[in-house]
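Structure at a glance
Spelled out from the first residue to the last, the chains are:
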Amino acid sequence: MTAAMLQTVGLSHAYSANAGVWDLDLAVPAGAIYAFLGPNGAGKTTTIRLLLGLLRATRGQVLIEGAPRSTDPRAVPHIGSMVEGPSLYPHLSGRENLRISALLLGCTRARIDDVLRTVGLRDAADRLVKQYSLGMRQRLGLALALLGQPRLLILDEPSNGLDPQGMADMRALMRTLVREQGMTIFLSSHLLDDVEKVATHVGLLHQGRLLVQGELEALRARHLRVECSEPARAVEVLARDGREVTQAEGGLRVDAPASDAAAINRALVLAGIDVQALGARHDSLERFFALATGEVPAA
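Residues numbered from 1 in each chain as written. Predicted model: local features only at pLDDT ≥ 70, side-chain atom pairs only at ≥ 80, totals over all residues. Heavy atoms only, no water.

Quick word on helix α2 (residues 94-105)
Test applied: Only DSSP runs of H or I with at least four residues qualify as helices, and only runs of E with at least two residues qualify as strands; both kinds are numbered from the N terminus onward. How far a helix is expected to stretch is found by multiplying one less than its residue total by 1.5 Å. Only protein chains enter the area calculation, which uses a 1.4 Å probe; residues under 20% of their type maximum are buried, those over 50% are exposed, and those in between are partly exposed. The arc in question is formed by the directions pointing from the helix axis toward the C-beta atoms. For this analysis, residues touch if any pair of their heavy atoms sits within 4.5 Å.
With 12 residues, α2 extends 17 Å from end C-alpha to end C-alpha; this agrees with the ideal 16 Å at 1.5 Å per step. Of all the residues in α2, the buried ones are Gly94, Arg95, Asn97, Leu98 and Ala102. Looking straight down α2, one finds that the buried residues subtend no more than 155° of arc, so they occupy a single side. Exposed side of α2, more than 90 degrees from the buried face: Leu103 and Leu104 are the residues found there. Residues of α2 that are buried sit in contact with α3 (109-119) and α4 (134-146). Remark: Gly106 follows α2 within two positions and exhibits a positive phi of approximately 75°.

Observations concerning the sheet that holds strand β12 (residues 223-228)
Where we set the bar: Two strands are counted as paired when DSSP detects at least two bridges linking them. Only the stretch in contact is used when fitting a helix axis, every axis being a line fitted to C-alpha atoms; angles between N-to-C directions are given from 0 to 180 degrees.
Read across the sheet, four strands follow the order β13-β14-β12-β15 without closing on themselves; strand pairing throughout is antiparallel. Where the open sheet ends on each side, the last strands, each with one partner, are β13 (245-248) and β15 (275-281). Taking the axes of each pair of neighbouring strands and ignoring which way they run, one obtains an average angle of 25° across the sheet. Bridging between β13 and strand β14 (residues 251-254) involves four bridges; their strand directions are antiparallel. The residue of β14 that forms the bridge with Thr246 is Arg253. Packed on one face of the sheet, helix α8 (residues 231-240) meets β12, β13 and β14 and runs near 165° to β13. On the sheet, helix α9 (residues 261-270) packs against β12, β14 and β15 and is oriented at approximately 155° with respect to β15.

Read these as geometric descriptors, not functional statements.
Spelled out as structure tokens, the structure:
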């Protein structure tokens, strides 16, 4: 997955000096499930509106498969989206909701049946939406986003408000769309535990700026934890070797791959420091985000 489905270059929109997003350089590979993460108010929804052309950028640009995104939403049917919850007609059935959008998109009845089958709503298609559970409404919203057969799917908090089973169903559906239909999914969320189970790539947004992005596993597993007899002196020894080290509760956190463990151990032993434990640390996504934003001390 080297080709980029979605890119932004210096994308910015300022509401005020302290509110907005600035200089976003997103890179979303084709075939990825890219989780755009950040606390409430970080600028995730603003970014999505910029990506969809619902908000005008102060500067920067959005590229879809290497080409500038059209300012006319009708010119990009290969992009599907669900932003801030689906807009549904509760007094109509699920199928009737889909028919309204299908008329605008020029979709056939067969396509309506296809998306109902994809999201698991065939049996409930003719029930009124006001009788749907929250999870069913989310799936119907996703069906609406899929009508135009998009290659890129942009979702804003798709699991928000769902119970654990609903969240699991949404994750399974996203995996199926990528695996069987070749889609790329860009989703924003603040539910780190949920995202960790489905994302292949992540971008961390904090106070309107992108802190880091990349493959999830590479970001989480790129440091070692060291327990030794003299932590303060160990920090000095490793810093002289050009390594980034932070003190954590019960040990040290060294920004280095597992392949560097032997060299780190040797440097500490030669300095007369006893090493009790040294190994790769696989952070949870929640902990990685906390460390990246500096919101809590390393532990």
